[in-house]
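# Descriptive analysis of the structure
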Amino acid sequence: MKIIIAFYILAIAAIELIGIQWGNVVGLVGHALLIELLLSQYARNSQSEYRSVLLVLVLCPLLRILSFTIPFPEAPKVYWYAMVGLPLLIAIRLTYYTLQISLWQAVRLGAWKYQILVAATGIPLSLLAYSIWEPNPLTQNIPHRILIGVAFLTVFGAFTEEVLFRGLFQDVAAPVVGSKMVVVYSSVLFAAMYLGSLSWGYVAFMGAVGLLWGWCVQRTGTIWGTVLAHSILSVGMLIVFPLM
Amino acid sequence: MTSTVTERTITTITSHSYDALSATLGVVLIGILLILVLQRETLRAMGGSRSRDWMKALNIPIVPMLGAFAVIILLRVIELVS
């Protein structure tokens with residue numbers, strides 16, 4: 001089972017690379033085929049813990065399909081995060097419902113001191129991410145646009161990704177691959193979804209960040225600290241540092 | 001940049017017109033959605049507990065893709081009207 005899950009994670013990464021190499025249409029068709037494969041395996045398999053992981057993995061190719069088909073050039077870039085993030089959040093909620101897991105398990109409050117410490121990791125990581133990638137500012141230096149940017153990056157970027165990779169995936173995969181290895185699996189999956197950054201340095205960096213945050217979530221049992229850290233990382237890298 | 005909107009997403013969307021995007025990636029999405037909906041309806045006709053399970057799982061990609069489909073259609077209609 002561990003090997004099959006590793007195979008699917010590598011397949012997601014391979015299709016991302018195929019999309020980069022041979023074009024988006026080929027990439028999207030590859031992701032669609034993977035969704036079909038994962039769903040058919042889910043339906044055929046009777047071992048509930050393993051099949052749950054397959055269903056969660058469906059969300060990754062789905063994320064990529066949505067990210068290429070919903071945004072349009074006329075909409076400001078900052079809105080793209082909501083355009084992709086909202087339907088993805090709906091899909092995540094449907095997955096929780098189908099698997100009969102409570103979302104509140106991952107987002108429960110508690111261990112505030114540790115959560116603040118985890119959130120603080122976002123500050124140095126943000127600076128590091130900016131120095132690796134040096135992106136253009138996501139929005140102009142207009143207060144209400146900056147506020148919208150911060151809100152969208154937090155809800156549709158940080159929260160959505162943390163629920164998916166650290167909350168849902170780690171939760172369902174831990175009984176199958178083991179509580180230590182699940183952090184490695186989730187960070188590889190997380191890094192694979194960043195292959196579209198077209199920078200190997202940035203992919204490696206996000207893989208390392210995934211390992212750190214995965215470990216934090218495993219130790220504290222909640223994702224709030226990493227949601228805040230992820231939000232600080234994204235806002236710092238895409239809005240604060242580029243505008244300074 | 002996040003995994004939801006990557007550099008490749010930005011490059012693709014900004015370097016093509018919406019016409020070109022909806023005629024390539026949009027058509028692929030509609031094709032995928034059509035296959036998934038057909039599959040779901042076939043499973044509904046077949047019945048049985050395994051089919052019900054599969055149908056529930058199919059809702060996960062179908063529902064957000066319907067949202068994407070609605071955006072594509074809406075933008076095409078706006079384009080036609082204007």
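Below is a summary of the structure that appears in this document. What you are looking at is a predicted structure, and each value in this text was computed from that prediction instead of being measured.

### A look at the interface of chain A and chain B
In this assembly, 48 residues from chain A lie in contact with 37 residues from chain B. Those elements that provide at least two residues to the side of chain A that touches chain B are α2 (24-44), α4 (59-69), α5 (77-99), α8 (143-177) and α11 (224-243) of chain A. Examining the composition of the side of chain A that touches chain B, we find that twelve residues originate from one element, α5(A), more than from any other. Here the side of chain A that touches chain B is built from residues that sort into 34 nonpolar, eleven polar and three charged.

### Thoughts on α2(A)
Along its 21 residues, α2(A) runs 30 Å from first to last C-alpha, staying within 8% of the 30 Å computed at 1.5 Å per residue. If you check which residues of α2(A) are buried, you get Asn24(A), Gly27(A), Leu28(A), Gly30(A), His31(A), Ala32(A), Leu34(A), Ile35(A), Leu38(A), Leu39(A), Tyr42(A) and Ala43(A). Those residues of α2(A) hidden inside the fold are in contact with α1 (2-22), α3 (48-57) and α4 of chain A together with α1 (7-14), α2 (18-46) and α3 (49-81) of chain B.

### Brief notes about the environment of Ala43(A)
By secondary structure assignment, the location of Ala43(A) is in helix α2. Its 20 C-beta neighbours within 10 Å are what place Ala43(A) among the buried residues. Residues Ala43(A) and Val227(A), 184 residues apart in the sequence, show an inter-C-alpha distance of 32 Å. Discounting residues that sit within four places of it in the chain, Ala43(A) has contacts with Arg50(B), Asp53(B), Trp54(B) and Ala57(B).

Reading the values: the criteria
- As a convention, each chain's residues are numbered from 1 in the sequence order in which they are written.
- Written order determines the labels here, with chains lettered from A and ligands numbered from 1.
- Selection of residues for local features in this predicted model requires a pLDDT of at least 70, selection of side-chain atom pairs for listing and counting requires 80 or more, and totals for whole chains, interfaces and linings are taken over all residues.
- Note on contacts: each residue gets a C-beta atom placed from the backbone, and two residues are in contact if those atoms are within 7 Å.
- Numbering goes from the N terminus for both helices and strands, where a helix is a DSSP run of H or I of at least four residues and a strand is a run of E of at least two.
- The residue classification treats Ala, Val, Leu, Ile, Met, Phe, Trp, Tyr, Cys and Pro as nonpolar and Asp, Glu, Lys and Arg as charged. All others, Gly included, are polar.
- Expected helix span is computed as 1.5 Å times (number of residues minus one).
- To sort residues by exposure, count the other C-beta atoms lying within 10 Å of each residue's C-beta; 20 or more gives buried, 12 or fewer gives exposed, and values between give partly exposed, all with C-beta atoms placed from the backbone.

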